[in-house]
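Per-entry structural report
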Amino acid sequence: MSLTLGIDLGTTNSLVGVVDSGFPILLADEEGRRITPSAVNYGSDGAVTVGHAALRARALDPARTVTSVKRLLGRRAGEGDWRPPYDLRALGTSPVDVSAEILKRLRAIAERALEQTVTRAVITVPAYFNDAQRSATKKAGELAGLTVERIVSEPTAAALAYGLDKLGEQGKIAVYDLGGGTFDVSILEMRDGVFQVLATAGDTQLGGDDVDRMVAALLWRRAGFTDAPDYEALPSAIQVRLIEAAEIAKKKLSTEDEALIELPFLWEKQSLHVTLTRAELEKLALPWVERTRIHCLRALSDARLTNADLAEVILVGGSTRMPIVRQSVREIFQREPNISQNPDEAVAMGAVIQAGILSGSLRNVLLLDVTPLSLGIETFGGLMNIIIPRNTTIPCKAGEMFTNAVANQADMLIRVLQGERELAKDNWELGRIDVPFPPGPKGSARVGVQFAIDANGILEVLARDTATNRDVVLEIQNTAVDVADERVEQMISESVEHAFEDMNERIWTEARLKAEELLPAVDQALAVLGSEIPAEDRASIDACAATVKSLLTAAAHDVKALKAANQQLDEATQNLAVLLVEKAMEESLARKGVL
Ligand code: ADP
Ligand code: MG
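Residues numbered from 1 in each chain as written. Chains lettered and ligands numbered in written order. Predicted model: local features only at pLDDT ≥ 70, side-chain atom pairs only at ≥ 80, totals over all residues. Heavy atoms only, no water.

Further remarks concern unusual backbone geometry. Unusually for a residue other than glycine, Asp 227 sits at a positive phi of about 55 degrees. Relative accessible area serves as the criterion here: at 75%, Asp 227 is assigned to the exposed category. The backbone of Lys 269 sits at a positive phi, close to 65 degrees, despite the residue not being glycine. With respect to the element layout, Lys 269 can be found in the loop between β13 (258-267) and β14 (270-277). (Buried < 20%, exposed > 50% of the residue type's maximum accessible area, 1.4 Å probe, protein only. Helix = DSSP H or I, 4+ residues; strand = E, 2+ residues; numbered from the N terminus.)

This brings us to the site of ligand 1. Ligand 1 sits among 18 residues. The nearest are Thr 12, Asn 13, Glu 247, Lys 250 and Ser 254. Thr 12 places a polar main-chain atom, nitrogen or oxygen, 2.8 Å from an oxygen atom of ligand 1. Ser 254 places a polar side-chain atom, nitrogen or oxygen, 2.7 Å from a nitrogen atom of ligand 1. Mapped by element, the contributors of at least two residues to the shell around ligand 1 are α6 (208-223) and α7 (236-252). Element by element, the count of residues in the shell around ligand 1 is highest for α7, at 3 residues. Class assignment for the residues of the shell around ligand 1 results in 1 nonpolar, 12 polar and 5 charged. Per-domain counts for the shell around ligand 1 show at least three residues from each of domain 1 (4-206 + 291-370) and domain 2 (208-287). (Near = heavy atom within 4 Å. Polar contact = N/O pair within 3.5 Å; in protein donor to acceptor, adjacent residues only side chain to side chain. Nonpolar A, V, L, I, M, F, W, Y, C, P; charged D, E, K, R; others polar. Domains from an automatic or database assignment.)

As a further point, take the sheet that holds strand β15 (residues 312-316). Sheets are built from strands that pair by backbone hydrogen bonding, the pairs being arranged parallel or antiparallel. Read across the open sheet, the 4 strands follow the order β12-β11-β10-β15; overall the sheet is mixed. Every other strand in the sheet has two partners, leaving β12 (194-203) and β15 as the edge strands with one partner each. Each adjacent strand pair in this sheet contributes to an overall mean axis angle of 20 degrees, direction not counted. (Pairing = 2+ DSSP bridges. Axes fitted to C-alpha atoms, helices over the stretch in contact; angles between N-to-C directions.)

We now examine the pairing of strand β9 (residues 147-153). Sheet analysis places strand β8 (residues 120-125) next to β9, joined by 6 bridges and oriented parallel. Each residue of the ladder has a partner; that of Val 125, found in β9, is Ser 153.

Let us now look at the side chain of Ser 254. Locating Ser 254 in the fold gives a position in the loop between α7 and β13. For Ser 254, a relative accessible area of 15% corresponds to the buried category. For Ser 254, the residues in contact, after removing those within four places along its chain, are Arg 278, Arg 321, Met 322 and Pro 323. (Contact = heavy atoms within 4.5 Å.)

Time to look at helix α10 (residues 323-333). Among all positions of α10, only Ile 324, Val 325, Arg 326, Ser 328, Val 329, Ile 332 and Phe 333 are buried. Buried residues belonging to α10 abut β10 (172-178), β11 (183-191), α8 (278-290), α9 (293-302) and β15. Gln 334 sits one or two positions beyond α10 and adopts a positive phi of about 50 degrees.

Let us look at the nonpolar core. Ranked by size, the top nonpolar core spans 70 residues in total, and within it Tyr 176, Leu 242 and Phe 333 carry the most contacts. Sort the elements by how many residues they give to this core and α6 lands first, with 7 residues. Here this core spans two domains, since at least three of its residues come from each of domain 1 (4-206 + 291-370) and domain 2 (208-287). Ignoring any residue separated from it by four or fewer positions in sequence, one finds Leu 242 in contact with Ala 216, Leu 219, Trp 220, Tyr 231, Leu 234, Leu 263, Leu 266 and Leu 272. Of all hydrophobic cores here, the second largest spans 38 residues; its members include Ala 100, Leu 103, Val 118 and Ala 140. (Core = buried A, V, L, I, M, F, W, Y, C linked by side-chain atoms within 4.5 Å.)

Our next topic: a negative patch on the surface. A surface patch of negative charge is lined by Glu 532, Glu 582, Glu 586 and Glu 587. For Glu 582, the location among the structural elements is in helix α17 (residues 574-591). A relative accessible area of 44% places Glu 582 in the partly exposed class. (Patch = residues over 30% accessible without salt bridge, like charges linked within 9 Å, V, L, I, M, F, W, Y side chains within 5 Å. Areas by Shrake-Rupley, 256 points an atom, 1.4 Å probe, with all protein chains shown as cover. Salt bridge = Lys/Arg side-chain N within 4 Å of Asp/Glu carboxyl O. Lys, Arg positive; Asp, Glu negative; His and termini not counted. Charge placed at Lys NZ, Arg CZ, Asp CG, Glu CD.)

Considering every residue of the chain, the mean pLDDT works out to 87; 94% of them sit at 70 or more. Confidence over residues 364-368 falls short of pLDDT 50; this stretch has 6 contacts with residues more than four positions distant or in other chains. (pLDDT = per-residue confidence, 0-100.)

On to the domain arrangement of the chain. Often the size quoted for an interface is simply the accessible area lost on bringing the parts together. Entries for the chain in the domain assignment read domain 1 (4-206 + 291-370), domain 2 (208-287), domain 3 (375-484) and domain 4 (500-591). Here the C-alpha centroids of domain 1 and domain 2 sit 28 Å apart. The interface is formed by 14 residues belonging to domain 1 together with 16 residues belonging to domain 2. Buried area between domain 1 and domain 2, summed over both chains or domains, comes out near 1,200 Å², and the portion from carbon and sulfur atoms is 54%. Inspection of the region where domain 1 meets domain 2 yields 0 salt bridges. Taken together, the connections running from domain 1 to domain 2 amount to 4 residue pairs in polar contact (both at pLDDT 80 or more). Mapped by element, the contributors of at least two residues to the side of domain 1 that touches domain 2 are α1 (52-60) and α10. Of the residues that constitute the side of domain 1 that touches domain 2, the class distribution is 7 nonpolar, 5 polar and 2 charged. (Buried area = accessible area lost by both parts, 1.4 Å probe.)

Moving on: the environment of Thr 67. In this fold, Thr 67 is placed in strand β7 (residues 65-67). Residues Thr 67 and Arg 134, 67 residues apart in the sequence, show an inter-C-alpha distance of 19 Å. Not counting the four nearest positions on each side in its chain, Thr 67 is found in contact with Ser 38, Ala 39, Leu 55, Arg 58, Trp 82 and Tyr 86.

Take a look at the structure:
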């Protein structure tokens, strides 16, 4: 089967994944790393290295190492130019070519992990990317040998990864994405089953890198080396070592209170030993994270919304792992953000899910959103009575009212069925419940049966005797999801195969029930009034009843004949029925003493 990759082509980091056996997974390189730095080194010997290897080369060769190239691909309107520490033209390359190198590396990681060639991909871009920037991304994909099936907005991909596509129509969410070099906040709304970006704001010069630089400068000040220059005046190789150590310490402080930074022989044979606490880091980072507030407020106001209109706020980007960032988001949006996904993997996961949907390999997952087979109960005569038809979107609720088919029945057995066949016996029984009710004449009981399926596919069957208001509840787990795909397909194909005979069987059962109702009624009427009708009427009624009886007991089910015989018996008893009604009225009037 041909696979479609999902790719997060990030400013700082990139990831690639694929849907494997129905599950979205991210693919790791030969050293088990799922995150590839978006860095490309153009060696003086002409060799091109990408990712971790390129970052290692940066310390020695900053001018030949391209990072954050995505910023050159697209800027927000009105933002100033960013001056990179390298000259692309001198390196004989372009932003699209550099992006293509990163994509080639991701493709190679995927092909190695999957042991097959892959030629198709879905790639994410920031929501604010315009047509030209989206085309440039697509072009980069093509240069890497990938047909770009779709370009997806990063916040939309993140929302998919968080499972928010299950949000109801008009549900609104905020996506707060603080990465390595950029900050984006987007407000999305679910419309006709797809996300629309209502507003987007942010800053392409605001990210975790800023914190790394601030921490690096602090470490240098704290080192206390004698005769050392200012941080800004340091050779770039030393700055890079400090920044790398700063980032490691920063990450550690997301989960720990203290980090020890040691850099042997950093400056003229002197080594650096500094302890940094989370409180110290947060003091540096607070003004930085507060810069995101204004963009969040702007996005909300552009979307003409307030905090209260949002169903969820989701966190995306590695920097949102910092506790102080989460605290700020909590204050800005006045709610607990959703942190159920890995923030640095959410966009990639969403791209993978989108790729899976496009290539059809996620059909299983999509089926979870609808009932794969009809759900119903068995009714009198062994027929399937559908309450929730197949392909109904869940969650859903439906019900019907049932009555007793025979007099003096004291309870009703409800068999809960799943399947597409007309006869109860051909469908699968999921469970049964017994509903007791006070005995009475035929048709006197009123039992309401309600089926409710929640978002997890759990079916709850509630039966209520409306006379006593007593409920009987049955819960059935995973009806919508437990059915293995092949069995569903088989059930559906069987139902098509047997549609004709099933239909005949249903019509026969209905005709039989009608006959079984008619015959005793006729016998009863004849017993009361038999002597008061003309002999020829009596003879024709007897003849018609005999025909019905013989058709009922015949080995072969002649549906047409039985229906016709029922009809004739009905007609032959017209006069009898009129007499019966008249007699009943006379009797009741007599009882009341009118006659
Ligand atoms: P981008 O979308 O910009 O490509 P990411 O979402 O991968 O980037 O975010 C990268 C940033 O996240 C880096 O600045 C990195 O230092 C930061 N980061 C990653 N993990 C953590 C962590 N545990 N604590 C704090 N920052 C982190
Ligand atoms: Mg990102």
